[in-house]
Number of protein chains: 2
Amino acid sequence: MGTSRTGAAGAATRIDVSRTGRPAPAPRMGRKASLSVLPTLPIDQILVGDCIASLEKLPPESVDVVFADPPYNLQLEQALTRPDQSRVDAVDDDWDKFASFSEYDAFTRAWLAGVRRVMKKNATIWVIGSYHNIFRVGTALQDLDFWLLNDIVWRKANPMPNFKGRRFTNAHETMIWASKSAEAKSYTFHYDALKAGNEDVQMRSDWFIPLCTGEERLKDARGRKVHPTQKPEALLARVLLSSSNPGDVVLDPFFGTGTTGAVAKKLGRHFIGLERDPVYAQAARARIDAVEPLSDVAFAAPPEKRAEARVPFLALIEGGYVKAGEILVDERRRYRATVRADGTLALGAIVGSIHKIGALVQGLPACNGWTFWNVERNGALVSIDAFRAKIRAELAA
Amino acid sequence: MGTSRTGAAGAATRIDVSRTGRPAPAPRMGRKASLSVLPTLPIDQILVGDCIASLEKLPPESVDVVFADPPYNLQLEQALTRPDQSRVDAVDDDWDKFASFSEYDAFTRAWLAGVRRVMKKNATIWVIGSYHNIFRVGTALQDLDFWLLNDIVWRKANPMPNFKGRRFTNAHETMIWASKSAEAKSYTFHYDALKAGNEDVQMRSDWFIPLCTGEERLKDARGRKVHPTQKPEALLARVLLSSSNPGDVVLDPFFGTGTTGAVAKKLGRHFIGLERDPVYAQAARARIDAVEPLSDVAFAAPPEKRAEARVPFLALIEGGYVKAGEILVDERRRYRATVRADGTLALGAIVGSIHKIGALVQGLPACNGWTFWNVERNGALVSIDAFRAKIRAELAA
DNA sequence: ACGCGCTCTGAATCCTGGT
DNA sequence: CACCAGGATTCAGAGCGCG
């Protein structure tokens, strides 16, 4: 809440972003009007102002889907540097700062309650977060009588690594998909369309999608990213295609630079965006104005790109193809190494990957461990690469 | 509680599961003894009884890792305990009344507080759950001052499809990995070994592991599965290999059919299992007794770079690898500095460590001098890190 | 045109032991 | 406890300049 605001508390500026590109109307509401409900639903507009105050101006039971990307409450304390000593551009914006978990909880419950009021009976809500905040969001959703339908894992194709090697690479974020109540059974879910777009198997709860980078990422005149946490359009596209219909109204209470609006327009949905920061709101307006809606036939989701999966040697142990403690040998049985339970090889006291140990025994700078090492099966040698092929076949199935 | 119990409330039956397979000792503790702490840590044993009562009998700060697979289906709340430790009666018609989120929260906080007390300062805890309960678990962990390190997604290779087609296929479960407090920085994490077993790239937060099926799945005499949610050993293996050392004590407060114990024994770790249901406990004991530990080399603690002996640069001069007065250069020969007899470098009038001078010439805040500096040998550059490796090898011999 | 190598960057709760 | 200093630590992808 640290960013500058244009109006008095509770006031909101409407920014019209209709496709005609006509200028936005002047702010219509003063202090008094701020307490009342807007005469019409502000379709395809961005309301600039505090999201909880703006929510109060929307009529009850008026939106079909909600997508919310609230602050994560990252709690970063010190600067982080990469191994080359360059600094990581951290999310240190004031809007992500909360004094305590209880303050974050109060904030979360306030906006969720406001959102729930404006959801139609069969509307659903999506909230995205990381381990810093998503557990508190999920608890709040349950406590407010939302009904959880799925938690969806966005697996990032290209996450930032863990530079200090002290944790697992934080390679995903979590979205919670919930209906307004347990009784709402007629929510929108395009099961068949998703299945057809997913090689005729059911869409799973884990989605593999790249980060928002390159041309899609909004930059300012100096080439800096406009928003620190812009989400990829592919993510929003799958959300809206699965849980909304053309013509539906999608509400995003943390609009930012308007990914939800851009994708909604592209897919023939309407949006309502709430955003506190006028800089973000202006960037969103310009972005959405430039969007051309797709023709109906093009509404299908982009197929997930399927690169040949990288199979870790550990997967051969976990899959039972190779046993920890077994001996690997090269084709001529000149070299041998012991398989460890963690998927490494042991050569005396030296431990390393199948590639590193393969290189070491041969005195070479590098080695493809997959084609170098074999196991004994019924008196014959079997390449570990054959097992990798089997696992890849399973993955593809 | 839905299942029968062998002792009085608060009492526990120890089941010894040592490899010799000798029969379990008779219950040792009556009502009085149940309030005191066990004289010795019940290593490699299963304590049959309420987990919160059993936790109170363990000494503080005594276990290295915790793996917990708590009940998450709210219909299992018949096993819940109220905040005052009294048991919720399992009257069929009434249990719905207790199946509230606040009951579940009280239960969760009670066992988490009990577990936290027995964790060593640098111990970590893993808790697995689904979207039904994991958000409440995560919130409770944060509120109890645990420090979240990662949330790990277990992506199931072969999940049960969503039969009605009203949701996404629920194809994953979530594990939270947390340290006892934000201040505990020296928790066990085998970064290097995980990376080496994963094609020499960091292990990510999303793990792809098959469900527990086939021979691994425990069946009773009539061929029915003994436990409804038996976890795959591969999952526990990755948990224990990443966050524990051989000889460590692993506590599992919801032991079930003992996957944690079986994997711990296989990997040379000790376990303590708490289980309310004697049928599960007996099945676990038989299962663990049949486990043969892997050979040492398969699970011995992997060597870690951070733990290697420190070698002062002066030792390279004293060992004759580098001569005082020689010139050090970086790989691209952009920078140079002179070796001084005391093991420092000279850059004009400036004198400092190999690290400090390396940082200085590059204008960076820090630098690893070992990997930055090189000497000329026969026209080629040789990293001073190679000499350090030789000295380390001499030290080890 | 194409490939190669260098640089930059992304919601990050990111070191450790000795004095 | 603070402070200091040794020295350990990154993956995928985009953009750009050069040959």
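Computed from a predicted model, the values in this text were never measured in an experiment.

Here we take up the overall build of chain A. Across its full length, chain A holds eleven helices and 15 strands. With 397 residues in all, chain A has 54% of them scored as buried. Residue pairs in contact within chain A that sit at least 24 positions apart in sequence constitute 69% of those at least 6 positions apart. Accessible surface computed for chain A: about 17,600 Å², of which carbon and sulfur atoms make up 53%.

The next point concerns the environment of Ala298(B). Turning to its location among the elements, Ala298(B) is positioned in helix H9 (residues 296-299). Classification of Ala298(B) by relative accessible area gives buried; the value is 0%. C-alpha separation for the pair Ala298(B) and Phe101(B), spaced 197 residues apart in sequence, amounts to 44 Å. With near-sequence residues (within four places) excluded, Ala298(B) lies in contact with Ala324(A), Gly325(A), Val339(A), Arg340(A) and Ala341(A).

This part takes up the UniProt feature "domain: DNA methylase N-4/N-6" (unreviewed entry) in chain A. Under the local residue numbering, the UniProt record ascribes the feature "domain: DNA methylase N-4/N-6" (unreviewed entry) to residues 63-284 of chain A. Structurally, residues 63-284 of chain A is divided into 27% helix and 22% strand, and its ends, taken at the C-alpha atoms, are 20 Å apart.

Turning our attention to the environment of Glu61(B). Residues and elements named next belong to chain B. Turning to its location among the elements, Glu61 is positioned in the loop between helix H1 (51-56) and strand E3 (63-68). With 136 residues separating them in the primary sequence, Glu61 and Gly197 have C-alpha atoms 32 Å apart. When sequence neighbours within four positions are dropped, the list of residues in contact with Glu61 reads Arg117, Val118, Met119, Lys120, Lys121 and Lys180.

Let us now look at the packing of helix H6 (residues 233-243) of chain B against helix H7 (residues 259-266) of chain B. Residue and element names in this part refer to chain B. Where H6 contacts H7, the axes come no closer than 9 Å and their chain directions differ by 55 degrees. With respect to each other, H6 and H7 are oriented oblique. Remark: the crossing between H6 and H7 carries right-handed chirality. Contacts between H6 and H7 pair Glu233, Leu236, Ala237 and Leu240 from the former with Thr259, Thr260, Ala262, Val263, Ala264 and Lys266 from the latter. Of the residues belonging to the contact of H6 with H7, the class tally is six nonpolar, two polar and two charged.

We now examine the packing of helix H3 (residues 134-143) of chain A against helix H4 (residues 134-143) of chain B. Taken N-terminus to C-terminus, the directions of H3(A) and H4(B) make an angle of 120 degrees; their axes are 7 Å apart at the nearest point. Classified by the angle their axes make, H3(A) and H4(B) are oblique. In this structure, H3(A) crosses over H4(B), and the sense of that crossing is left-handed. In this structure, H3(A) uses Ile134(A), Phe135(A), Arg136(A), Gly138(A), Thr139(A), Gln142(A) and Asp143(A) to contact H4(B), whose residues at the interface are Ile134(B), Phe135(B), Arg136(B), Gly138(B), Thr139(B), Gln142(B) and Asp143(B). Of the residues belonging to the contact of H3(A) with H4(B), the class tally is four nonpolar, six polar and four charged.

Let's shift gears to the pairing of strand E2 (residues 45-48) of chain B. Residues and elements named next belong to chain B. Neither face of E2 is open: one carries Gln45 and Leu47, the other Ile46 and Val48, and all of them are buried. Bridge analysis of E2 against strand E9 (residues 270-275) gives four bridges, and the strand direction is parallel. Pairing of Leu47 across the sheet is with Leu274, part of E9.

Many descriptions give the size of an interface as the accessible area lost when the pieces come together. By the assigned domains, chain A splits into domain 1 (45-74 + 89-298) and domain 2 (313-396). Inter-centroid distance (C-alpha atoms) of domain 1 of chain A to domain 2 of chain A is 44 Å.

The next point concerns the protein's contact with DNA strand C. Residues and elements named next belong to chain A. Near DNA strand C lie 40 residues; those nearest to it are Gln75, Arg82, Tyr131, Lys164 and Lys225. Backbone atoms, meaning sugar plus phosphate, form 47% of the atoms of DNA strand C positioned within 4 Å of the protein. Lys225 places a polar side-chain atom, nitrogen or oxygen, 2.6 Å from a phosphate oxygen of DNA strand C. Per-class residue counts for the surface near DNA strand C are 20 nonpolar, seven polar and 13 charged.

Here we take up the pattern of salt bridges. Inspection of every chain in the model, using the stated rule, returns 38 salt bridges over all chains. Of the charged contacts in the structure, one is a salt bridge between Glu233(B) and Arg287(B), with a shortest N-O distance of 2.9 Å. You can see Glu233(B) sitting in helix H6 and its partner Arg287(B) sitting in helix H8 (residues 278-289), a full 54 residues away along the chain. Each member of the pair, Glu233(B) together with Arg287(B), is buried. Here the residues in one salt-bridge network are Asp105(A), Arg136(A), Arg109(B) and Asp143(B), joined through shared partners.

Okay, the protein's contact with DNA strand D next. Neighbouring residues of DNA strand D: 31 residues in total, closest Arg310(A), Tyr191(B), Lys195(B), His355(B) and Arg388(B). Among the atoms of DNA strand D close to the protein, meaning within 4 Å, 64% are from sugar or phosphate groups. Interatomic distance of 3.4 Å between a side-chain N/O atom of Lys305(B) and a phosphate oxygen of DNA strand D. At a separation of 3.5 Å, a phosphate oxygen of DNA strand D approaches a polar side-chain atom of Ser353(B). Secondary structure elements with two or more residues in the surface near DNA strand D: helix H5 (191-196) and helix H11 (354-362) of chain B. Tallying contributions element by element places H5(B) first for the surface near DNA strand D, with three residues. The residue inventory of the surface near DNA strand D, partitioned by class, reads eleven nonpolar, nine polar and eleven charged.

What follows deals with the interface of chain B and chain A. With 74 residues of chain B at the interface, the matching set in chain A holds 77 residues. When residues of chain B are sorted by the area they lose upon contact with chain A, Phe135(B), Phe168(B) and Glu199(B) head the list and together hold 14% of the total. Note that Asp206(A) and Arg155(B) form a salt bridge whose closest N and O atoms lie 2.5 Å from each other. For the pair chain B and chain A, the interface holds 46 residue pairs in polar contact (both at pLDDT 80 or more).

Residues and elements named next belong to chain A. Taken over all residues, the pLDDT of chain A has a mean of 90, while the share at 70 or more is 88%. For the stretch residues 1-11, pLDDT sits under 50, and the model shows 26 contacts to residues farther than four places along the chain or on other chains. Ignoring residues within four places in sequence, the model shows residues 18-33, a span with pLDDT below 50, making 23 contacts including any to other chains.

Residue and element names in this part refer to chain B. For strand E6 (residues 172-179), the tally of buried residues reaches eight of eight residues, placing the bulk of the element in the interior. The alternating pattern of E6 places His172, Thr174, Ile176 and Ala178 and Glu173, Met175, Trp177 and Ser179 on opposite faces, both of which are buried. With six bridges joining them, strand E4 (residues 119-129) and E6 adopt antiparallel strand pairing. Considered in E6, the bridge of Val127 is made with Ile176. Two elements, strand E5 (residues 147-156) and E6, share eight bridges in a ladder whose sense is antiparallel. Of the residues in E6, the one forming a bridge with Leu148 is Ala178.

What follows is about unusual backbone geometry. Residue and element names in this part refer to chain A. Of note in this structure, Asp44 is not a glycine but carries a positive phi near 60 degrees. By the secondary structure assignment, Asp44 is in the loop between strand E1 (13-16) and strand E2 (45-48). Here Asp44 falls in the buried class, since its relative accessible area comes to 18%.

Each turn of an α-helix holds 3.6 residues, which means side chains three or four residues apart point in the same direction. The terminal C-alpha atoms of helix H3 (residues 101-118) of chain B lie 26 Å apart, and with 18 residues this matches the ideal 26 Å at 1.5 Å per residue to within 8%. Residues of H3(B) that are buried include every one of Glu103(B), Tyr104(B), Asp105(B), Ala106(B), Phe107(B), Thr108(B), Ala110(B), Trp111(B), Leu112(B), Gly114(B), Val115(B) and Val118(B), and no others.

Thresholds applied
Residues numbered from 1 in each chain as written. Chains lettered and ligands numbered in written order. Predicted model: local features only at pLDDT ≥ 70, side-chain atom pairs only at ≥ 80, totals over all residues. Heavy atoms only, no water. Helix = DSSP H or I, 4+ residues; strand = E, 2+ residues; numbered from the N terminus. Buried < 20%, exposed > 50% of the residue type's maximum accessible area, 1.4 Å probe, protein only. Contact = heavy atoms within 4.5 Å. Areas by Shrake-Rupley, 256 points an atom, 1.4 Å probe, with all protein chains shown as cover. UniProt positions renumbered as here; feature names shortened; annotations may be inferred. Axes fitted to C-alpha atoms, helices over the stretch in contact; angles between N-to-C directions. Parallel < 35°, antiparallel > 145°, perpendicular 65-115°, else oblique. Left-handed = near helix turned anticlockwise from the far one by under 90°. Nonpolar A, V, L, I, M, F, W, Y, C, P; charged D, E, K, R; others polar. Pairing = 2+ DSSP bridges. Domains from an automatic or database assignment. Near = heavy atom within 4 Å. Polar contact = N/O pair within 3.5 Å; in protein donor to acceptor, adjacent residues only side chain to side chain. Salt bridge = Lys/Arg side-chain N within 4 Å of Asp/Glu carboxyl O. Buried area = accessible area lost by both parts, 1.4 Å probe. pLDDT = per-residue confidence, 0-100. Expected span 1.5 Å × (residues − 1).

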